[in-house]
Amino acid sequence: MKKNPDYPKEIIVGKVIGVRGIKGQLKIRSESDNPNRFTTNTEILIDNKKYTINKVNSDEKKQLIYINITNINDRNSAEKIIGELIKVPISSLPKLKDKNTYYYFQIIGLDVLDELNTKIGKVINIMPNVNNDNYIIKTFDNKEIIIPSKSEWVKKIDICNNVINIVLPKYI
């Protein structure tokens, strides 16, 4: 199967929210659920330019990460990229072990089809739960439906064609 041309080539993993010190250390707010996302020698993209992380410090209390990167060696250079998003290539993501497991970014935005293949809306968010995630679907009449990500509700996820097939609950 061919990959959807709209499939992202990178994902956002953080944002530069400030600088610290005179050597251009970047203050980062992480958007990643991977605690090892920002490590020494990792390549990142900021404003479509590649950088390598040279040094990492974290402030767990404030939930911030401080990094030094290649070619940003002073405060003035660092201040120019405040507000920029930090991305990594999709290819750098760890492979998922189960073929029926997906990253959230792969599910959010999928068109939702019912059992008659009628388009009913889009997945707009995912609510994590202890037993399974729940997909929040925004219908075309602006209602929100919550569907558990279990096989009795979700019949097929087709990332290549940007669709998810579900069984609508009887109460809808």
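Here is what the cut-offs are and how they apply
Residues numbered from 1 in each chain as written. Predicted model: local features only at pLDDT ≥ 70, side-chain atom pairs only at ≥ 80, totals over all residues. Heavy atoms only, no water. Helix = DSSP H or I, 4+ residues; strand = E, 2+ residues; numbered from the N terminus. Rg over C-alpha atoms; globule rule 2.2 N^0.38 Å. Buried < 20%, exposed > 50% of the residue type's maximum accessible area, 1.4 Å probe, protein only. Contact = heavy atoms within 4.5 Å. Areas by Shrake-Rupley, 256 points an atom, 1.4 Å probe, with all protein chains shown as cover. Lys, Arg positive; Asp, Glu negative; His and termini not counted. Charge placed at Lys NZ, Arg CZ, Asp CG, Glu CD. Patch = residues over 30% accessible without salt bridge, like charges linked within 9 Å, V, L, I, M, F, W, Y side chains within 5 Å. Salt bridge = Lys/Arg side-chain N within 4 Å of Asp/Glu carboxyl O. Polar contact = N/O pair within 3.5 Å; in protein donor to acceptor, adjacent residues only side chain to side chain.

Draft legend 1. A look at the overall build of the chain. A tally of regular secondary structure across the chain gives 2 helices and 12 strands. Element order for the chain, N to C, with α for helix and β for strand: β-β-β-β-β-α-β-α-β-β-β-β-β-β. What you see for the chain is a C-alpha radius of gyration of 20 Å, clearly larger than the 16 Å of a compact globule of 172 residues, by over 25%. Along the first, second and third principal axes, the C-alpha set of the chain runs to 60 × 35 × 30 Å. Across the 172 residues that make up the chain, the buried fraction comes to 36%. Counting contacts in the chain only where the partners sit at least 6 residues apart, residues at least 24 apart contribute 46% of the total. As presented, the chain carries roughly 11,200 Å² of accessible surface, and 49% of it is formed by carbon and sulfur atoms. Separation between the mean location of the 28 positive side-chain charges and that of the 20 negative ones in the chain comes to 4 Å.

Draft legend 2. Broad picture of a positive patch on the surface. A surface patch of positive charge is lined by Arg-20, Lys-23, Lys-55, Lys-61 and Lys-62. Inspection of the secondary structure puts Lys-23 in the loop between strand 1 (10-20) and strand 2 (25-30). On the accessibility criterion, Lys-23 (62% relative accessible area) is exposed.

Draft legend 3. How the structure looks around the side chain of Asp-158. The residue Asp-158 is located in strand 11 (residues 154-158) in this model. Polar contacts involving the side chain of Asp-158 include one to the side chain of Asn-161, which spans 2.7 Å.

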